[in-house]
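Listed below are the residues making up each chain.
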Amino acid sequence: MPGEVEKIFEAHDAAMSAHDVDAFLSLFSDDCVYEDVPLGIVNKGKQEVGAFIRATFAAVPDFRMERTGLFVAGDRAACEWVMSGTQTGDFPGIPATNKSFAVRGVSIFELQDGKIKRQSDYWSLATLLQQVGLMPETPQ
């Protein structure tokens, strides 16, 4: 199973890097859930997940995800990553600033029958807002 699971995450990374929404969605079950915890967005089913991912790529045309770690235990996985890009379009509630960002985060996955059943992303919204100039830097 670990080899099969690794292939899922390699395909996940490749689809995100290529902005290939169809390839990305092919990794998910039909009844999947994709949650972006900091933004408070829960997408249910491939149609909603696809719309969310397309909106992300539209807001950040040079969007990249670089996986920095992966841990798999049975039907669960955790993946560390860095998302980066230049925000040229609006995110939900976050106006475009044309500034670049690089934010660390982690995704928690639930796998079922060789597909991603659930993905929950956790990252620092404050860090993103600071980097794109919408929130002051915290004093050190």
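Keep in mind the model is a prediction, meaning the values are calculated, not measured.

1. Concerning the overall build of the chain
Check the secondary structure of the chain and you find four helices and six strands. Taken against the 2.2 N^0.38 rule, which gives 14 Å for 140 residues, the C-alpha radius of gyration of the chain at 15 Å falls within 12% of a compact globule. Within the span of the chain, comprising 140 residues, buried residues form 43% of the whole. Within the chain, contacts between residues separated by at least 24 positions form 52% of all contacts whose residues are at least 6 apart in sequence. If the 12 positive side-chain charges of the chain are averaged to one point and the 20 negative ones to another, these points end up 1 Å apart.

2. Some details on the pattern of salt bridges
For the coordinates displayed, the defined rule picks out eight salt bridges. D13 is the salt-bridge partner of R67, the closest N and O atoms lying 2.7 Å from each other. Of the two residues, R67 is situated in strand β3 (residues 64-73) and D13 in helix α1 (residues 2-18); the sequence distance between them amounts to 54 residues. Residue E35 pairs with R118 through a salt bridge whose shortest N-O separation is 2.8 Å. Of this pair, E35 sits in strand β1 (residues 28-36) while R118 sits in strand β6 (residues 115-123), and the two are 83 residues apart along the sequence. Its relative accessible area of 18% is what places E35 among the buried residues.

3. Observations regarding the nonpolar core
Considering soluble globular proteins, one finds that nonpolar side chains tend to be buried as a cluster. If you look at the biggest cluster of nonpolar residues, it comprises 36 residues, and the most contacted ones within it are F24, I53 and M83. Counting residues per element, the ones that place at least two in this core are α1, α2 (21-25), β1, α3 (45-59), β4 (76-87), β5 (99-112), β6 and α4 (125-131). In contact with F24, not counting residues within four places along its chain, are H12, A15, M16, Y34, V49, I53 and Q119.

4. Some words on the layout of surface pockets
Size it by volume and the largest pocket reaches roughly 260 Å³. In terms of lining residues, the largest pocket is bounded by 21 residues, among which D36, L39, F52, T56 and F91 are the most central. Counting only elements with at least two residues in the lining of the largest pocket, the list comes to β1, α3, β4 and β6. With four residues, α3 is the largest single contributor of residues to the lining of the largest pocket. For the lining of the largest pocket, the residue count by class is 17 nonpolar, one polar and three charged.

5. A closer look at the sheet that holds β4
One open sheet accounts for six strands, arranged β2-β1-β6-β5-β4-β3; its pairing is mixed. Two strands in the sheet have a free side with no partner beyond their single neighbour: β2 (41-44) and β3. Strand-to-strand twist across the sheet, computed as the mean angle between neighbouring axes with direction ignored, equals 15°. Two elements, β1 and β2, share four bridges in a ladder whose sense is antiparallel. Considered in β2, the bridge of Y34 is made with N43. Across the face of the sheet, α3 comes into contact with β1, β2 and β4 while running at roughly 45° to β1.

Criteria and cut-off values
- Residues numbered from 1 in each chain as written.
- Predicted model: local features only at pLDDT ≥ 70, side-chain atom pairs only at ≥ 80, totals over all residues.
- Heavy atoms only, no water.
- Helix = DSSP H or I, 4+ residues; strand = E, 2+ residues; numbered from the N terminus.
- Rg over C-alpha atoms; globule rule 2.2 N^0.38 Å.
- Buried < 20%, exposed > 50% of the residue type's maximum accessible area, 1.4 Å probe, protein only.
- Contact = heavy atoms within 4.5 Å.
- Lys, Arg positive; Asp, Glu negative; His and termini not counted.
- Charge placed at Lys NZ, Arg CZ, Asp CG, Glu CD.
- Salt bridge = Lys/Arg side-chain N within 4 Å of Asp/Glu carboxyl O.
- Core = buried A, V, L, I, M, F, W, Y, C linked by side-chain atoms within 4.5 Å.
- 1 Å grid on protein atoms, 1.4 Å probe; cavity = no way out; pocket = protein on both sides within 12 Å on 5 of 7 lines; lining within 4 Å.
- Points joined across faces, edges and corners; volume = space filled by probe spheres on them.
- Nonpolar A, V, L, I, M, F, W, Y, C, P; charged D, E, K, R; others polar.
- Pairing = 2+ DSSP bridges.
- Axes fitted to C-alpha atoms, helices over the stretch in contact; angles between N-to-C directions.

That's the geometry; what it means functionally is another story.
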